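Coordinates in review
The primary structure of each chain is shown beneath.
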Amino acid sequence: MSLKYLFLQLRPKQWTKNLLVFAAFVFSIDKVAVFEVFDVLFAFLLFCTVSGCVYIFNDFMDREADRNHPEKKNRPIASGKLNPYFAILVGSIIVLCSFLAAYLLESLFSLVLVIYFILNLAYSIKLKHVVIIDIMTIATGFVLRALAGGIVIEVDFTPWFLICVFLLSMLLAIGKRRHELILLTDNKESHRKVLQSYSVPLLDQMTNVVVTATITSYSIFTFMSGRTLNLMWTIPIVMYGVFRYLYVVHMHGKGGKPEELLLQDKGILFTVLFYGMAVIVIIKYL
């Protein structure tokens, strides 16, 4: 039973966040060999194991606060179904093995993976309690995923794409904070102290700024990426995806689990799939 709860503690449902590792491969589909997808797949799996170990450490640190959360109280460590010290021991072994495997794949990739792990440890220990910095740290983690995917197949990213990833990740992080703030209401300080420094109007204003910057940056990226200018035809798809996310957050009160929205909301899922296919067709054939 411990192995079952240990696997659940790795939060496999959140591994969809690591799909961003494939971004470099998709945008370089006309320049890379097909077999290189296996290197990207291996990098994706390593990010899954390392991010899972981050969740173990984070839940170990937050186990008391999580017991006051209406949903997180059911997590294996918070609920008492999984021994927290056993989880830490196994997680440490897994993460060390992951670093070694990453080094064998690509030394620079292993460095990015280590930085990602350290950044997330810093987030778990301190940065998640610092207003605004907490959101920016989450977004930086996504940028590292995208950067790692490019390193594995040895392709360069235009800075504009990394800016787009950062801003879009900021949007998701803001939506997550907004959902937590509304969900916990008067009990917000007992779960996440940083929520005391936020308000719904502030987060909504931050959302407006980030949405504008995201669409603008992506539009510039389509012209400055060094790829075909026909990428500009994907701008409306990105706009719809962003607006659909805002609709789900504001009209349906979701956003607390961005990784699950991809599978739960058909509009967002269709947009992501259609966008991916459109990029591949445009880059490879137009």
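That block above? That's the structure.
Figured I'd write up the structure that's included with this text. Model, not experiment: these values are computed from the prediction.

Our next topic: the packing of helix α6 (residues 84-105) against helix α7 (residues 107-125). Axis separation between α6 and α7 bottoms out at 6 Å; the angle between their running directions is 150°. Relative to α7, the element α6 is oriented roughly antiparallel. Crossing of α6 against α7: the hand is right-handed. On the side of α6, the interface is formed by Val95, Ser98, Phe99, Ala102, Tyr103 and Leu105, while α7 contributes Ser107, Phe109, Ser110, Leu113, Val114 and Phe117. A per-class count over the contact of α6 with α7 returns nine nonpolar, three polar and no charged.

Let's shift gears to the state of the cysteines. Counted by the stated rule, this structure contains zero disulfides. In this structure Cys97 is not part of a disulfide, and its nearest cysteine sulfur, from Cys53, lies 9.5 Å away. Owing to a relative accessible area of 48%, Cys97 belongs among the partly exposed residues under this scheme.

What follows covers α7. With 19 residues, α7 extends 27 Å between its outermost C-alpha atoms, agreeing within 8% with the 27 Å of an ideal straight helix rising 1.5 Å per residue. Within the span of α7, buried status applies to Phe109, Ser110, Val112, Leu113, Tyr116, Phe117, Asn120, Tyr123 and Ser124. The buried residues of α7 occupy one face: seen down the axis, they fall within an arc of 160°.

The phi dihedral of Arg11 is positive, around 55°, even though this residue is not glycine. With respect to the helices and strands, the residue Arg11 is situated in the loop between α1 (2-9) and α2 (23-27). For Arg11, a relative accessible area of 13% gives the class buried. One non-glycine residue with positive phi stands out, namely Ile132, at about 70°. Structurally, Ile132 can be placed in the loop between α7 and α8 (133-152).

Right, let's get into the packing of aromatic side chains. In the structure shown here, the tally under the stated rule is twelve aromatic pairs. Plain terms: the ring middles of Phe161 and Phe221 are 5.3 Å apart, the flat faces sit at 50° to each other, and that makes the pair tilted. Residue Phe161 is located in helix α9 (residues 159-184), and its partner Phe221 is located in helix α11 (residues 200-224); the two are separated by 60 residues in the primary sequence. Of the two residues examined, Phe161 and Phe221, each falls in the buried class. Members of the aromatic cluster, each reached through a chain of ring pairs, are Phe27, Phe161, Tyr218, Phe221 and Tyr275.

Let us now look at the packing of α7 against α8. Between α7 and α8, the least distance of the axes is 9 Å, while the angle of their chain directions is 170°. As summarised for this structure, α7 and α8 are arranged roughly antiparallel, according to the angle between their axes. Between α7 and α8 lies a crossing of left-handed hand. Taken together, the residues of α8 that come into contact with α7 (itself represented by Leu108, Phe109, Val112, Ile115, Tyr116, Leu119 and Tyr123) are Asp134, Thr137, Ile138, Thr140, Gly141, Leu144, Arg145, Ala148, Ile151 and Val152. Of the residues contributing to the contact of α7 with α8, the split by class is twelve nonpolar, three polar and two charged.

Reading the values: the criteria
- Residues numbered from 1 in each chain as written.
- Predicted model: local features only at pLDDT ≥ 70, side-chain atom pairs only at ≥ 80, totals over all residues.
- Heavy atoms only, no water.
- Axes fitted to C-alpha atoms, helices over the stretch in contact; angles between N-to-C directions.
- Helix = DSSP H or I, 4+ residues; strand = E, 2+ residues; numbered from the N terminus.
- Parallel < 35°, antiparallel > 145°, perpendicular 65-115°, else oblique.
- Left-handed = near helix turned anticlockwise from the far one by under 90°.
- Contact = heavy atoms within 4.5 Å.
- Nonpolar A, V, L, I, M, F, W, Y, C, P; charged D, E, K, R; others polar.
- Disulfide = S-S within 2.5 Å.
- Buried < 20%, exposed > 50% of the residue type's maximum accessible area, 1.4 Å probe, protein only.
- Expected span 1.5 Å × (residues − 1).
- Arc of directions from axis to C-beta.
- Phe/Tyr/Trp six-rings, centres within 6.5 Å; stacked < 30°, edge-to-face > 60°.

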